[in-house]
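What the coordinates show
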Amino acid sequence: IAGGGWQAFAPSALPHLDGEEPPAALDAAGLARMREAFVQAAMRAARVGLDGIEIHMAHGYLLSSFLSPLSNSRRDDYGGALENRMRFPLEVFTAVREAWPAELPMSVRISASDWMTDGSGFTPDDAVVVARRLKRLGCDLIDVSSAGNSPASKPDYGRMYQVPFADKIRYEAGIPVMAVGAILDVDHANTVLAAGRADLAVMARPHLADPYWTLH
């Protein structure tokens, strides 16, 4: 692209910020190419002996941008109502699930909320609908994060701030979940698990701050 860098792709040619280089909207051939790229990545993972894989449908990356009405303004079968917006992410999941060994687990990370105070983005209720569909297609676990599709989002950041989303999806979609986001200590993780709010509690920042955190 002009000025260097790679051409990004998305459901719609909408820049993340005004003045930024917009992504190219994927046509039918582009959708097929992206779907096959996910399949090939899963097959490589299987060949090198990984025990599980996760499809990233969060944080404004490609599949996340299809799910959110903030980044998906398509007028074809892949845009509009949630049923259409989740069509391509579910097609990708189905293709990867077929390519990945049936006996090995496969998870999906989603952004359970776009954190738009006016309700204009992807919502926790939408996340439950998507999680139910993923469960029926053979997803073993939902990794529950949030945000990424709009710079206008207003996350209510705080201790264990995304656990309520994981809790909601676990009980309303009936699928195991991974809770992430400002889970900062063993007590936090144990509280989440003991209360039945998640099946896994994952901590990143403590390990970044102290590489020997687990040992300590």
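1. Digging into helix α7 (residues 186-194)
- Residues of α7 that are buried: His188, Ala189 and Val192. Looking straight down α7, one finds that the buried residues subtend no more than 95° of arc, so they occupy a single side. Facing away from the buried side of α7 by over 90 degrees, the exposed positions are Asp187 and Ala194.
- Contact partners of the buried residues in α7: α6 (163-173), β6 (177-179) and β7 (200-201).
- Looking one or two places after α7, you find Gly196, whose phi comes out positive at around 75°.

2. Some words on the sheet that holds strand β5 (residues 141-145)
- Strand order in the open sheet formed by five strands is β3-β4-β5-β6-β7, with parallel pairing between adjacent strands. Of all the strands in the sheet, the pair left with one neighbour each is β3 (53-57) and β7.
- As defined by bridge partners, β5 adjoins β6 across three bridges and the pair is classed as parallel. For Ile142, the partnering residue across the bridge sits in β6 and is Val177.

3. Some details on the packing of aromatic side chains
- A complete count under the given rule lists five aromatic pairs for this structure.
- Arranged with centres 6.3 Å apart and planes meeting at 25°, the rings of Trp115 and Tyr161 form a pair that is stacked. Of the two residues, Trp115 sits in the loop between β4 (106-111) and α5 (124-136) while Tyr161 sits in the loop between β5 and α6, which places them 46 residues apart along the sequence. The burial state of Trp115 is the same as that of Tyr161; both residues are buried.
- Consider the rings of Tyr157 and Tyr161, whose centres lie 4.7 Å apart with planes at 55°: the pair is tilted.
- Given a relative accessible area of 18%, Tyr161 falls into the buried group.
- Counting every residue linked through ring pairs, the aromatic cluster contains Trp115, Tyr157, Tyr161 and Phe165.
- Above the plane of the ring of Phe9 lies Arg33, whose end atom (NZ or CZ) is 5.5 Å from the centre.
- Stacked on the ring of Tyr171, the Lys or Arg Arg170 has its end atom at 5.4 Å from the ring centre.

Thresholds applied
Residues numbered from 1 in each chain as written. Predicted model: local features only at pLDDT ≥ 70, side-chain atom pairs only at ≥ 80, totals over all residues. Heavy atoms only, no water. Buried < 20%, exposed > 50% of the residue type's maximum accessible area, 1.4 Å probe, protein only. Helix = DSSP H or I, 4+ residues; strand = E, 2+ residues; numbered from the N terminus. Arc of directions from axis to C-beta. Contact = heavy atoms within 4.5 Å. Pairing = 2+ DSSP bridges. Phe/Tyr/Trp six-rings, centres within 6.5 Å; stacked < 30°, edge-to-face > 60°. Lys NZ or Arg CZ within 6 Å of the ring centre and 35° of its normal.

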